Amino acid sequence: MNSSNTTPDLILHRGLFTTLDRANPTATAVAIMDGKFSAVGHDHDVMKLAGKQTKIIDLKGRRVLPGLIDNHLHIIRGGLNFNMELRWDGVRSLADAMAMLKRQVAVTPPPQWVRVVGGFTEHQFDEKRLPTIEELNEVAPDTPVFLLHLYDRALLNGAALRGVGYTKDTPDPPAGEIVRDSRGNPTGLLLAKPNAGILYATLARGPKLPFDYQLNSTRHFMRELNRLGVTGAIDAGGGFQNYPEDYAVIQKLADEGQLTVRIAYNLFTQKPKGEKDDFLNWTKTSKYQQGTDYFRHNGGGEMLVFSAADFEDFRQPRPDMPAEMESELAEVVRILAVNKWPWRLHATYDETISRALDAFERVNQDIPIDGLHWFFDHAETISDQSIDRIAALGGGIAVQHRMAYQGEYFVERYGIGAAEATPPIARMLQAGIPVSAGTDATRVASYNPWVSLSWLVTGKTVAGLRIYPARNRLDRETALRMWTENVTWFSNQEGRKGRIEVGQLADLVVPDRDYFACSEDEIADITAALTIVGGKVVYGAGDFAAFDETVPPPAMPDWSPVRRFGGYAAWGDSNGSGEAVARRSLAAACGCANHCGIHGHGHAAAWSTRLPVSDLRSFWGALGCSCWAF
């Protein structure tokens, strides 16, 4: 057992710990003191450390994992807006989604909008389509509705069009289109061609929440992430998110000790052709790594210069970056390198990555950039040559599960063969460079980390299309490391968190089923039964609900979709379509560590179902039913 000699604040025992510590890979108990693991070992050793004031949690044989860390999450922007957004993430039918929309319209007062802001794809629906604008108008004749689909389009009903003021005289913005009817009037469909600026600019016209409501909204977004086992994130900034003005909410929560997700934040330039001035100012007024283990500065990006932004929209041809890209990028990177700031750069296509590397290599001739923990984001079509160039310069690659949502579009344009390594994660890992995983939520994909882990392991989109062959899929432990210890390089916190190890920050998750034992098709459905950050229980369900210390007040305002639907897959909707609700209820109520591969957690139903066996409870045959064990 690894331990220190002080009395712990908390002990968790009778668990099945996957520590990811290669020197001590498994354990059954841990002790936590002052927010860090003080002992990791076996029950009989760890329990001896308990004192009179030590809180003890019996895990009853459940699997325990290090807390999940998202390498690319727009958590600050997402938190400001979460309470206003109706989430279609994980909803499996358009009919259910539209029923949710109709119910939300009924309680949303003017002049507020109903917003469905990304995190889903039409391919996840049984109907394999988006709603029509006519259907939106029928459900919401008077309430503005804004629906963002990935980064390719937005649908606005008539009330929203009137609200934003788009008419036949409104010109199309650069790299975007306001689709019009035969008389030149806007139809309500906005297209990114391929730049998503038109979509963001339109969304920004909607009402905002007041400051106190944004505080509440951010707490609820963190709560939703905790419900899914997320304990940390690297915030990638975002369009229309200004520093320091739009960081006041998260800073206040950090100052008051109310963060339940650890955040490292990058600064995202806001001014086309003014990027150099942004970073000259920020490097004077901000210090790299300023802050605490809960909220700290992490460098520049993901936007460094607008001329290097190759927005991914696989419905459109690959964009060519302008001729000035390299010179503008090199200017900004030089500022960052001189000040020892890391950076991250959004890059979808290898053509963009290769040109960015030209700029990085130019700077590296004068100012070595190895050791700065700089990296590319996304890199869906990166080449072997670019991977090797990144390795030579000491960089990393942060991948996200955008292809889980856009794989069908990529295959339609480029073919299944081209999609087999988008991105080539196995090749990246073989090159020995730092590689980690995340979501790029909340707009282009869902914030659910288990969808990403499922994508890494199965190679499937959320609609079930397998786009990756075995050679580009990961085993479950490697995928888990991509979401835990690997991410720490990207925030320069190696050895501080990411494993269940003495001396590391005490962040962990107890999933509602065994990640290593459940079927591949169930990985995406995992939620947390217990989530701990810094030794504090930030989410507890079922047997662990009594330990929960951070339940926020009800979502504000009172018409917030969060009050009715919760978040991913409308988990909070007691009036939703029965199948999904029933599955969640069965899983929450069942105390088993391993559900049945045939019946899930519905063991009682299996015991009472007519099957061609004489003794149902002892059945263990071709169907593989294991309900007898519970």
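A brief structural summary.

## As for the overall build of the chain
When you go through the chain residue by residue, the secondary structure sums to 20 helices and 24 strands. Relative to the 2.2 N^0.38 estimate, which gives 25 Å for 630 residues, the radius of gyration of the chain is 24 Å and therefore close to what a compact globule would have. Each principal axis of the C-alpha atoms in the chain carries an extent, and together these give about 70 × 60 × 50 Å. Counting every position in the chain, which comprises 630 residues, the buried fraction comes to 60%.

## Side note on helix 11 (residues 350-364)
Between its first and last C-alpha, helix 11 extends 20 Å over 15 residues, near the 21 Å set by a 1.5 Å rise per residue. Taken together, the buried positions of helix 11 are occupied by Asp350, Thr352, Ile353, Ala356, Leu357, Ala359, Phe360 and Val363. Those residues of helix 11 that are buried lie in contact with helix 10 (325-338), strand 18 (344-347), strand 19 (375-378) and helix 12 (384-393).

## Some remarks on the pattern of salt bridges
Applying the stated criterion across every chain yields a total of 43 salt bridges. Of the charged contacts in the structure, one is a salt bridge between glutamate 312 and arginine 402, with a shortest N-O distance of 2.9 Å. Residue glutamate 312 is located in the loop between strand 17 (295-300) and helix 10, and its partner arginine 402 is located in the loop between strand 20 (396-400) and helix 13 (403-414); the two are separated by 90 residues in the primary sequence. Arginine 402 matches glutamate 312 in its accessibility class, with the two residues each being buried. Residue arginine 513 pairs with glutamate 522 through a salt bridge whose shortest N-O separation is 2.9 Å. With respect to burial, arginine 513 and glutamate 522 carry one shared label: buried.

## As for the sheet that holds strand 15 (residues 230-235)
Hydrogen bonding along the main chain pairs the strands of a sheet, whether they run parallel or antiparallel. Taken in spatial order, the four strands make up an open sheet running 9-15-16-17, and their pairing is parallel. Looking at strand neighbours, the two that pair on one side only are strand 9 (68-73) and strand 17, the edges of this open sheet. Taking each pair of neighbouring strands and ignoring which way they run, the sheet shows an average axis angle of 20°. By the bridge criterion, four bridges tie strand 15 to strand 16 (residues 262-267) in an arrangement that is parallel. Counted as the bridge partner of glycine 232 is arginine 262 from strand 16.

## Looking at unusual backbone geometry
A cis amide bond links threonine 422 to the next residue, proline 423, at an omega of 0°. For the bond running from methionine 556 to proline 557, omega is 0°, close enough to zero to count as cis. Secondary-structure assignment places proline 557 in the loop between strand 24 (536-540) and helix 18 (561-565). Positive phi outside glycine occurs at asparagine 492, with the angle close to 55°. Examined against the element boundaries, asparagine 492 turns out to sit in the loop between helix 17 (476-482) and strand 22 (508-511).

## Observations regarding the side chain of serine 452
For serine 452, the location among the structural elements is in helix 16 (residues 449-458). According to the relative accessible area criterion, serine 452 is buried, its value standing at 0%. The contact partners of serine 452, leaving out residues within four places of it in the chain, are His401, Ala437, Gly438 and Trp483.

## Re the sheet that holds strand 18
Strand order in the open sheet formed by four strands is 18-19-20-21, with parallel pairing between adjacent strands. Because the sheet does not close on itself, it has two edges, and the strands there are strand 18 and strand 21 (435-438). Sheet twist, expressed as the average angle between the axes of neighbouring strands with direction ignored, equals 25°. Direction of pairing for strand 20 relative to strand 21: parallel, over a ladder of four bridges. Residue pairing across strands places alanine 398 opposite serine 436, the latter belonging to strand 21.

Thresholds, definitions, all that
Residues numbered from 1 in each chain as written. Predicted model: local features only at pLDDT ≥ 70, side-chain atom pairs only at ≥ 80, totals over all residues. Heavy atoms only, no water. Helix = DSSP H or I, 4+ residues; strand = E, 2+ residues; numbered from the N terminus. Rg over C-alpha atoms; globule rule 2.2 N^0.38 Å. Buried < 20%, exposed > 50% of the residue type's maximum accessible area, 1.4 Å probe, protein only. Expected span 1.5 Å × (residues − 1). Contact = heavy atoms within 4.5 Å. Salt bridge = Lys/Arg side-chain N within 4 Å of Asp/Glu carboxyl O. Pairing = 2+ DSSP bridges. Axes fitted to C-alpha atoms, helices over the stretch in contact; angles between N-to-C directions.

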